[in-house]
Amino acid sequence: MIEIKNVTKNFDDFKAVNNITLHIREKETFGLVGTNGAGKSTLLRMIADIYKPEQGEIIIDGENIYDNPTMKSNFFFISDEQYYPKNANAKYLIQFYCSYYPGFNKKRCLSLLENFDLNPSKKIDGFSKGMKKQLFMILGICAGTKYLLCDETFDGLDPVIRQTVKSLIANDMMERGLTSVISSHNLRELEDICDCIGLLHKGGVLLSDELNSLKLNLHKVQFILKDNLTAEESASGIPDGVSVVYKEHHGRLITMTLEGNEATIHSWFQSMDIVFYEMIPLTLEEIFISKTREVGYNVKEIIF
Amino acid sequence: MILLDYKDRRPIYEQVTEKFKTLILSGVLKEGDSMPSVRSLATSLSVNPNTIQRAYAKLEQDDFIYTVSGKGSFVSCIDTLMTEQKRDWFHRLDELVKEGSILHISPEEIYEHIKQADHSS
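A. Quick look at the packing of helix α3 (residues 90-100) of chain A against helix α5 (residues 129-142) of chain A. All names here are of chain A. Following both chains from N to C, one finds α3 and α5 inclined at 30°, their axes separated by 11 Å at the closest point. The angle between the axes of α3 and α5 places the two elements in the roughly parallel class. Here the hand of the crossing between α3 and α5 comes out right-handed. Two secondary-structure elements touch here, α3 through Ala90, Leu93, Ile94 and Tyr97 and α5 through Leu135, Phe136 and Leu139. Residue composition of the contact of α3 with α5, by class: 7 nonpolar, no polar and no charged.

Here it is in C-alpha cells:
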C-alpha cells in the first residue's frame, strides 16, 4: 500500500504538488489523470524517491520511502523520458537492472523483447520513441517488483502494443499481485485497466475513487420541458443525495450532469412533469471535463 | 468468447456480466460448462482482472455460475433462473402494451405484428 500524506513540492514559487493525500491499495491499478501541469509526474517522481517532498511523507508498506534503498528494489519507475547510458543496448540494460532488482526475470525479458520485435543487441539510440517506451515497459514488467510506476507510458504506443501492454499488466496482477500506478491522458485506455482513479488539478486532488462507483454516481440527463412550464417549475425539489454538477439550457431542452444514485435520479425524473427524459452514464473523459469545469470557477480555492 | 463494446458507457464489469448471462440463458454455455479463467479472460480482453473477478462474483451472486475452489467457475442449472427471466420479460411486455394503449395500438395490432415478426425470423 502506498500512502501519500499531505505531500507538498514546490519548484521555486510554483506549487507543483500542494498538500496531496492519496492511498493506493495493493494488487490494484491506480490511474493518475489530470490537467497539464497538475503535478502527476512530480507526484510519481516523489513516490519513486527522485524528488524529496518538502512537506508530508510517502509511506510504502509502512516504511518511509525517502532515502530508503532497500525499499527502492520494491518498485520500478518508468519515466516519461527514458534515461540510459550512451551506446547502451537492451542486453546491457538487462544486466544493469539485474544488479538492482533481485527478482528480475531475464529469460522472460529476452523472450518478450523477441515477441515485440526489439533487437536486444541494437543500440537504444537507434530505437524510435515508441520502441524505447516498449523496451522500458518490458524491463519494468520483468523487474518483478511489487510496484510499477508508469509515467504516460500508454501515450505514444500504437493500439496493438497498448492492448498487449494492458494484457501483460493484467497477467502480472493475477500471477504475482502487481500494483501499478499509471499516469495518462488516454482516458479510454485507463477505463479498461484501472480499479481506482485519482484526478489532479493544479497540484491538488479533485477526486479519488473507484472507477465503478465514479461511473455509477455521475449521470448525464437530458430532458424536454412541457410548453408552459419553466425549468424551475418542473425541476423543483432535488432529492437528498443528488446534486447538480452542471446545467445547460437550450430553449426547452435541458442537459444536466448529476451526481447521485441512479435509482434516485430515475424516480425523481419519473415524478416530474416533463415530456421526455434520457439518462446516460458519463465516460471517464466526461467525468474529467465536468469535474475540472466545476472547479474552474473557483481556482483560488485549490491554490490557497 | 465475449466482445466488449468500447463505446458502451456502462462499467466494463456490467458488460461482462450481461454478455455471460446472455450466453448462459441462450444455451451457448450449458450447465456444468467451465467458465474461462479470470486470467485468460483478463488477458484476452486486455482488462483489469479485478473487473472480471467482480463480474464473476456478480454472476455467482445471481446464481448463473458456481465456483469450485481450486478448479474454477462453472455454469449453474438455470431452470429456476429461466422462469424468473421469463417472468421479468412478461413484466416488461406488460409495460410495453400499456405504453402502446396510449398510442392507441390495439391488442390485435400487436398480435399481427408478432406473427409477422415470427414469419420473417
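B. The confidence of the model for chain B, seen in detail. Residues of chain B with pLDDT of at least 70 account for 99%, and the chain-wide mean is 89. No element of chain B has a lower mean pLDDT than helix α5 (residues 107-120) of chain B, which averages 85, and none a higher one than helix α3 (residues 49-61) of chain B, which averages 94.

C. Summary view of the interface of chain A and chain B. With 26 residues of chain A in contact, the opposing surface of chain B contributes 18 residues. Of the roughly 1800 Å² buried between chain A and chain B on both sides combined, carbon and sulfur atoms contribute 50%. Of all residues in chain A, Met174, Asp192 and Asn212 of chain A bury the most surface against chain B, accounting for 29% of the area lost on that side. Our count for the contact surface shared by chain A and chain B stands at 3 salt bridges. Between Arg39 of chain B and Glu175 of chain A there is a salt bridge, and its shortest N-O distance comes to 3.0 Å. Counting the contacts that link chain A with chain B gives 13 residue pairs in polar contact (both at pLDDT 80 or more). Only α6 (159-176), α7 (187-193), α8 (211-217) and β14 (274-281) of chain A provide two or more residues apiece to the side of chain A that touches chain B.

D. Quick peek at the domain arrangement of chain B. Segmentation of chain B into domains returns domain 1 (12-75) and domain 2 (79-120). On a C-alpha basis, the centres of domain 1 of chain B and domain 2 of chain B stand 30 Å from each other.

E. Here's a closer look at a nonpolar patch on the surface. A contiguous nonpolar patch, built from Tyr92, Phe96 and Tyr100 of chain A and spanning about 330 Å² of accessible area, is present on the exposed surface. Overall, Phe96 of chain A belongs to the partly exposed group, its relative accessible area being 34%.

F. Representation of the pattern of salt bridges. Following the criterion strictly, the structure yields 24 salt bridges over all chains and no others. With a shortest N-O distance of 2.8 Å, Lys146 of chain A and Asp61 of chain A are connected by a salt bridge. With Lys146 of chain A in the loop between α5 and β7 (147-151) and Asp61 of chain A in the loop between β4 (55-60) and β5 (63-64), this pair connects stretches of sequence that are 85 residues apart. By relative accessible area, Lys146 of chain A is classed as partly exposed at 29%. We classify Asp61 of chain A as partly exposed; its relative accessible area is 31%. A salt bridge links Lys98 of chain B to Glu95 of chain B; its shortest N-O distance comes to 3.9 Å. Here Glu95 of chain B and Lys98 of chain B lie together in helix α4 (residues 79-102), a separation of 3 residues that amounts to about one turn. Take Lys98 of chain B: its relative accessible area is 54%, and that puts it in the exposed class. Glu95 of chain B sits in the partly exposed class, given a relative accessible area of 39%.

Cut-offs and rules
Residue positions are given per chain, counting from 1 as you read along its sequence in written order. To label them, take the chains in the order written and letter them from A, then take the ligands in the order written and number them from 1. Note on the predicted model: pLDDT of at least 70 is required for a residue's local features to be given, and 80 or more for side-chain atom pairs to be given and counted; whole-chain, interface and lining totals, by contrast, use all residues. Side-chain metrics in this entry use all non-hydrogen atoms of the structure; hydrogen atoms and water are not considered. What counts as an axis is a line fitted to C-alpha atoms, over the stretch in contact for a helix, and the angles between N-to-C directions run from 0 to 180 degrees. Counting from the N terminus, the helices are DSSP H or I runs at least four residues long and the strands are E runs at least two residues long. The labels follow the angle: roughly parallel below 35 degrees, roughly antiparallel above 145, roughly perpendicular from 65 to 115, and oblique for the rest. Crossing handedness is defined as follows: a turn of the near helix away from the far one that is anticlockwise and smaller than a right angle gives a left-handed crossing, while the clockwise case is right-handed. Should any heavy atoms of two residues lie within 4.5 Å, those residues are considered in contact. Residue type decides the class: Asp, Glu, Lys and Arg count as charged, Ala, Val, Leu, Ile, Met, Phe, Trp, Tyr, Cys and Pro as nonpolar, and the leftover types, Gly among them, as polar. Across the chain, each position has a pLDDT score giving the predictor's confidence in that residue, from 0 to 100. Take the accessible area each of two parts loses on contact, using a 1.4 Å probe, and add the two losses: that sum is the buried area. A pair is scored as a salt bridge if a Lys or Arg side-chain nitrogen falls within 4 Å of a carboxyl oxygen belonging to Asp or Glu. Throughout this description, a polar contact denotes any pair of N or O atoms lying within 3.5 Å of each other; where both atoms belong to protein, one of them has to be capable of donating a hydrogen while the other can accept it, and for residues adjacent in sequence the pair is counted only when both atoms sit in side chains. Note that the domain bounds reflect an automated or database-derived domain assignment. Exposure above 30% relative accessible area and the absence of a salt bridge qualify a residue for a patch, where like charges join within 9 Å and nonpolar side chains (Val, Leu, Ile, Met, Phe, Trp, Tyr) within 5 Å. We get accessible surface area from the Shrake-Rupley algorithm with a probe of 1.4 Å; when it comes to residues, only the shown protein chains can shield them. When accessible area is computed with a 1.4 Å probe and restricted to protein chains, residues below 20% of their type maximum are described as buried, those above 50% as exposed, and intermediate ones as partly exposed.

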